[in-house]
Amino acid sequence: PAPRRVDLNKAQVLHVFEDYGPHPLDGIDIVVCASAGDGFIRHMKMRGAEVLLTGESDPALAITRILAGEALPDPRFDITTTLCKIRDLFSRH
């Protein structure tokens, strides 16, 4: 299927989402993002999706590289990833 962007409302963000029902990310095989915390990666793995982190800022180019079997650029430093890791230490995830 064609790649698509998924926007989540506040209640659907995995830091607060209760895993008791369907979620908009269900059925997704690959998530491509600039940063992700360990909790997000674990949640997506439980839902059957692989998380790929990249420094590529153009989503279409990232998907083109993945489909061509090319390596993605390494993710850039992102302070929010560090903050997510700290939050994950104290979260239910």
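Scoring rules and cut-offs
- Residues numbered from 1 in each chain as written.
- Predicted model: local features only at pLDDT ≥ 70, side-chain atom pairs only at ≥ 80, totals over all residues.
- Heavy atoms only, no water.
- Helix = DSSP H or I, 4+ residues; strand = E, 2+ residues; numbered from the N terminus.
- Rg over C-alpha atoms; globule rule 2.2 N^0.38 Å.
- Polar contact = N/O pair within 3.5 Å; in protein donor to acceptor, adjacent residues only side chain to side chain.
- Buried < 20%, exposed > 50% of the residue type's maximum accessible area, 1.4 Å probe, protein only.
- Contact = heavy atoms within 4.5 Å.
- Pairing = 2+ DSSP bridges.
- Right-handed = clockwise from strand over helix to strand, strands pointing away.
- Salt bridge = Lys/Arg side-chain N within 4 Å of Asp/Glu carboxyl O.
- Patch = residues over 30% accessible without salt bridge, like charges linked within 9 Å, V, L, I, M, F, W, Y side chains within 5 Å.
- Areas by Shrake-Rupley, 256 points an atom, 1.4 Å probe, with all protein chains shown as cover.

**A look at the overall build of the protein**
Part 1 of the reasoning: In terms of regular secondary structure, the protein is built from 3 helices and 2 strands.
Part 2 of the reasoning: In sequence order, the protein lays out its α and β elements as β-α-β-α-α.
Part 3 of the reasoning: Since a compact globule built from 93 residues should have a radius of gyration of about 12 Å, the 14 Å found for the protein is in line with a globular shape.
Part 4 of the reasoning: Each principal axis of the C-alpha distribution contributes one length, and for the protein these read about 35 × 30 × 20 Å.

**A closer look at helix α2 (residues 59-67)**
Part 1 of the reasoning: For α2, the N-terminal capping position is held by aspartate 58, with its side-chain oxygen 3.0 Å away from the main-chain nitrogen of alanine 60.
Part 2 of the reasoning: Among the residues trailing α2, glycine 69 stands out with phi positive, at a value near 80°.

**Focus: the side chain of threonine 54**
Part 1 of the reasoning: Position of threonine 54 relative to the elements: it lies in the loop between β2 (50-53) and α2.
Part 2 of the reasoning: Judged by relative accessible area, threonine 54 falls into the buried class, the value being 2%.
Part 3 of the reasoning: Of note is the side chain of threonine 54, whose polar atom sits 3.1 Å from the backbone oxygen of proline 73.
Part 4 of the reasoning: Setting aside anything within four residues of it in sequence, one finds threonine 54 in contact with Val32, Cys33, Ala34, Leu72, Pro73, Asp74 and Pro75.

**Concerning the pairing of β2**
Part 1 of the reasoning: Across 4 bridges, the pairing between strand β1 (residues 30-33) and β2 is parallel. Note on β2: the bridge partner recorded for isoleucine 30 is glutamate 50.
Part 2 of the reasoning: Handedness of the crossover is the feature at issue here: the chain leaves β1, passes through helix α1 (residues 38-46), returns alongside β2, and the resulting connection is right-handed.

**Description of the pattern of salt bridges**
Between side chains of opposite charge, pairing is possible as soon as their charged atoms come close.
Part 1 of the reasoning: This structure, assessed with the given rule, holds 4 salt bridges.
Part 2 of the reasoning: As a salt-bridge pair, glutamate 56 and arginine 65 come within 3.6 Å of each other at their nearest N and O atoms.
Part 3 of the reasoning: Classification of glutamate 56 by relative accessible area gives buried; the value is 18%.
Part 4 of the reasoning: Through salt bridges with shared partners, one network takes in Glu56, Arg65 and Glu70.

**Some details on a nonpolar patch on the surface**
Part 1 of the reasoning: A cluster of nonpolar side chains, contributed by Phe77, Ile79, Leu83, Ile86, Leu89 and Phe90, occupies part of the molecular surface with about 760 Å² of accessible area.
Part 2 of the reasoning: For isoleucine 79, the location among the structural elements is in helix α3 (residues 79-90).

**Structural notes on the environment of arginine 5**
Part 1 of the reasoning: Position of arginine 5 among the secondary structure elements: in the segment before β1.
Part 2 of the reasoning: Each C-alpha atom of the pair arginine 5 and valine 32 lies 9.9 Å from the other, and the pair is 27 residues apart in sequence.
Part 3 of the reasoning: Reaching out from arginine 5, the side chain makes a polar contact with the side chain of aspartate 7 at a distance of 2.9 Å.

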